[in-house]
Amino acid sequence: MTEKISLGIVASEFNYDITYAMVELAKEHADFLGASVSQVVKVPGVFDMPLAVKKLLEKKDVDAVVTLGCVIEGQTEHDDVVIQHASRKIADLALEYDKPTALGISGPGMSRLEAHKRVEYAKRAVEAAVKTVKVLKAI
């Protein structure tokens, strides 16, 4: 029997009406795929995710981390800066800790309505994390 894959989730509280739905969907999909969610960490916003991702990656009982959030377009280019820097650091942490980090963050440049329509991205991120763990174990 194969060992169950354990996921950590880091979710943004900003736009929580959307990210709450993403977290619930991610947990359901992890269960559907036979994985478990060992911990959900909520941070203020997407920009605040990397440190929480790092802390979860340091845990021996976490095989991968799924990040969930949405970056909605504002009046400035702030949304571009937030997603570019956060996603780059999240990817760097995967390399540093030799564990997958899945990007379930929608945006930038989208409206609140578009963000609601992209809640399903949470499932994609969970699937990417689980598949990547399996691929890496096979190498």
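As shown above, the structure is provided for reference.
Keep in mind that what you see is a predicted model, and the values were worked out from it rather than measured. Each chain has its residues counted from 1, running along the sequence as written. Only residues with pLDDT of 70 or above have their local features reported here, since the model is predicted, and side-chain atom pairs are shown and tallied only from 80 upward, although totals for entire chains, interfaces and linings are computed over all residues. As a rule here, side-chain values cover all heavy atoms of the structure and leave hydrogens and water aside.

Participant: Help me understand the pattern of salt bridges in this model?
Facilitator: The term salt bridge refers to a pairing of a side-chain nitrogen on Lys or Arg with a carboxyl oxygen on Asp or Glu at a separation within 4 Å. Summed over the entire model, instances satisfying the criterion amount to five salt bridges. Ionic pairing is found between Arg88 and Asp92, a salt bridge with its closest N-O pair at 3.1 Å. Placement of both Arg88 and Asp92 in helix α3 (residues 78-97) is noted, with a separation of four residues, approximately one turn of the helix. The cut-offs for exposure are 20% and 50% of the maximum accessible area for each residue type, with area from a 1.4 Å probe on protein chains only; residues under the lower value are buried, those over the upper are exposed, and the others partly exposed. You can call Arg88 exposed: its relative accessible area is 55%. Asp92 gets classed as partly exposed once you look at its relative accessible area, which sits at 26%. Its salt-bridge partner being Glu120, residue Lys123 comes within 3.8 Å of it at the nearest N-O pair. Put simply, DSSP marks the helices as runs of H or I at least four residues long and the strands as runs of E at least two long, and each gets a number from the N terminus on.

Participant: I would appreciate a short explanation of the nonpolar core in the present structure.
Facilitator: Most often, soluble globular proteins keep nonpolar side chains buried together rather than apart. The criterion is simple. A nonpolar core is a set of buried Ala, Val, Leu, Ile, Met, Phe, Trp, Tyr and Cys residues joined through side-chain atoms within 4.5 Å. In this structure, Leu7, Val66, Leu68 and Val126 are the most contacted members of the largest nonpolar core, which totals 25 residues. If you list the elements that add at least two residues to this core, you get β1 (6-12), α1 (16-32), β3 (64-72), β4 (101-110) and α5 (121-138). By the convention used here, residues are in contact when the closest approach between their heavy atoms is within 4.5 Å. Look past the residues within four positions of Val126 in its chain and what remains in contact with it is Leu7, Ala26, His29, Ala30, Leu33 and Val66. By size, the runner-up hydrophobic cluster in this structure holds 18 residues, among which are Val10, Val62, Ala86 and Ile90.

Participant: Help me understand the sheet that holds β4, please; the structure alone is not making it clear to me.
Facilitator: Within a sheet, each strand pairs with its neighbour through backbone hydrogen bonds, oriented either parallel or antiparallel. Two strands qualify as a pair provided DSSP detects at least 2 bridges between them. One open sheet accounts for four strands, arranged β2-β1-β3-β4; its pairing is parallel. Lying at the two open borders of the sheet, with one neighbouring strand each, are β2 (36-43) and β4. Between one strand and the next, the sheet's axes are offset by a mean angle of 15°, whatever the strand orientation. When β3 meets β4, the two strands line up parallel, connected through seven bridges. Bridge assignment links Leu68 to a residue of β4, and that residue is Gly104. Contacts from α1 reach β1, β2, β3 and β4 within the one sheet, and its direction differs from that of β3 by about 155°. Where helix α2 (residues 49-57) meets the sheet, it contacts β1, β2, β3 and β4, and its direction lies at approximately 165° from that of β1. The angle between two axes is taken between their N-to-C directions and runs from 0 to 180 degrees, where each axis is a line fitted to C-alpha atoms and a helix contributes only its stretch in contact.

Participant: Whenever I open this one, the environment of Val23 confuses me. Can you help?
Facilitator: Tracing the sequence through the fold places Val23 in helix α1. On the basis of relative accessible area, Val23 is assigned to the buried category, the value being 4%. Residues Val23 and Val66 lie 43 residues apart in sequence; the distance between their C-alpha atoms is 9.7 Å. Contacts of Val23, omitting those with residues within four sequence positions, involve Ala11, Val40 and Leu68.

Participant: Please explain the side chain of His29 as it appears in this structure.
Facilitator: In this fold, His29 is placed in helix α1. Setting aside its immediate chain neighbours within four residues, His29 contacts Lys123, Val126 and Glu127.

Scope: geometric values only; no functional claims are made or implied.
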